[in-house]
Amino acid sequence: MDDCIFCRIAAKVIPSDIVLEDDDFVAFRDAQPKALQHVLVVPREHIASLNDLEHRPEGMGDALMRFIVKLAKELGIDESGYRALTNVGPDGGQEVQHLHFHVLGGENLGDVR
Ligand code: DGP
């Protein structure tokens, strides 16, 4: 989608600090980091939120989770620990309407509310 910021980042129309990518997913550093390591994982294809994953091929969610684990290893936080979360909709605090997982780590993140 032309007007989607994360589509444009994934297509490298807008520059970002890309950490890992493959044919289906791109991981780049969050512009407003909330932890020492804060990376966003997005599908290259425009998917508005986790709610829309059910309309996509069945293996996509599994591939996304595997990509996040690969990213955690790449960042060196797989053993120390990390948090992977996605915000969905208004109550979830989703600001960008393109599915993205936040991967946070590099420090003790405390409790989730
Ligand atoms: P969410 O509230 O879950 O939709 O999180 C959106 C995140 O996206 C937020 O942590 C800030 C980040 N973000 C927004 N615009 C940009 C951008 O243009 N570049 C990067 N790297 N991150 C962005």
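The structure displayed is predicted, hence computed values, not measured ones.

Participant: Describe the overall build of the protein chain, naming the residues involved and giving the relevant values.
Facilitator: Along the backbone of the protein chain there are three helices and five strands. The order of α-helices and β-strands along the protein chain, N terminus first, is α-β-β-β-α-β-α-β. The globule rule puts the C-alpha radius of gyration for 113 residues at 13 Å, and the 13 Å found for the protein chain is close to it. Principal-axis analysis of the C-alpha atoms places the extent of the protein chain at approximately 35 × 30 × 30 Å. In the protein chain, buried positions account for 37% of the 113 residues. Residue pairs at least 24 apart in sequence account for 55% of intrachain contacts in the protein chain once pairs closer than 6 positions are excluded. Of the accessible surface of the protein chain, which amounts to about 6900 Å², a share of 48% is contributed by carbon and sulfur atoms.

Participant: An account of the site of the ligand is requested, with residue identities and associated values reported.
Facilitator: The local shell around the ligand holds 17 residues, among which Asp-30, Asn-87, Glu-95, His-100 and His-102 are the closest. Separating an oxygen atom of the ligand from a side-chain N or O atom of Asn-87 is a distance of 2.8 Å. Here Gly-93 contributes a backbone N or O atom positioned 2.9 Å from an oxygen atom of the ligand. Contact with the protein chains covers 84% of the free accessible surface of the ligand, which is 520 Å². Sorting the residues of the shell around the ligand by element identifies helix H1 (5-10) and strand S2 (25-29) as the ones contributing at least two each. Considering every element that reaches the shell around the ligand, the biggest residue donor is H1, with three residues. Taken together, the residues of the shell around the ligand break down into seven nonpolar, six polar and four charged.

Participant: So, the nonpolar core: which residues are in play, and what are the values?
Facilitator: As a rule of thumb, nonpolar side chains are buried together in soluble globular proteins. Ala-27, Val-41, Leu-64 and Leu-71 are the most contacted members of the largest nonpolar core, which totals 18 residues. Those elements that provide at least two residues to this core are S2, strand S3 (37-43), helix H2 (60-75) and strand S5 (101-105). Among the elements that make up this core, the one with the highest residue count is H2 (seven residues). Dropping the residues within four chain positions of it, Leu-64 is found in contact with Phe-25, Val-41, Leu-99 and Phe-101. In terms of nonpolar packing, the next biggest core, distinct from the first, is built from nine residues, Ile-9, Ala-10, Phe-28 and Leu-40 among them.

Participant: If you had to explain the packing of aromatic side chains to someone new, which residues and values would you point to?
Facilitator: Counted according to the given criterion, the structure contains two aromatic pairs. A ring pair is formed by Phe-25 and Phe-67, whose centres lie 5.5 Å apart and whose planes are at 45 degrees; its orientation type is tilted. Within this pair, whereas Phe-25 is found in strand S2, its partner Phe-67 is found in helix H2, the two being separated by 42 residues in sequence. Phe-67 matches Phe-25 in its accessibility class, with the two residues each being buried.

Participant: Go over the environment of Ile-47 with me, naming the residues and quoting the values.
Facilitator: Assignment of secondary structure puts Ile-47 in the loop between S3 and H2. Spatially, the C-alpha atom of Ile-47 lies 9.0 Å from that of His-100, the residues being 53 residues apart in sequence. In this structure, Ile-47 is in contact with Asp-52, Leu-53, Arg-56, Met-60, Gln-97, His-98 and Leu-99, ignoring residues within four places of it in sequence.

Participant: Would you mind going over the side chain of Gln-94 in detail, with residue names and values included?
Facilitator: Its location among the elements puts Gln-94 in the loop between helix H3 (89-92) and S5. Within the local environment of Gln-94, its side chain forms a polar contact with the backbone nitrogen of Gly-89, the two atoms lying 3.0 Å apart. In this structure, Gln-94 is in contact with Ala-48, Ser-49, Asn-87, Val-88, Gly-89 and His-100, ignoring residues within four places of it in sequence.

Reading guide: rules and limits
Residues numbered from 1 in each chain as written. Predicted model: local features only at pLDDT ≥ 70, side-chain atom pairs only at ≥ 80, totals over all residues. Heavy atoms only, no water. Helix = DSSP H or I, 4+ residues; strand = E, 2+ residues; numbered from the N terminus. Rg over C-alpha atoms; globule rule 2.2 N^0.38 Å. Buried < 20%, exposed > 50% of the residue type's maximum accessible area, 1.4 Å probe, protein only. Contact = heavy atoms within 4.5 Å. Areas by Shrake-Rupley, 256 points an atom, 1.4 Å probe, with all protein chains shown as cover. Near = heavy atom within 4 Å. Polar contact = N/O pair within 3.5 Å; in protein donor to acceptor, adjacent residues only side chain to side chain. Nonpolar A, V, L, I, M, F, W, Y, C, P; charged D, E, K, R; others polar. Core = buried A, V, L, I, M, F, W, Y, C linked by side-chain atoms within 4.5 Å. Phe/Tyr/Trp six-rings, centres within 6.5 Å; stacked < 30°, edge-to-face > 60°.

Treat this as a map of the structure, not an account of what it does.
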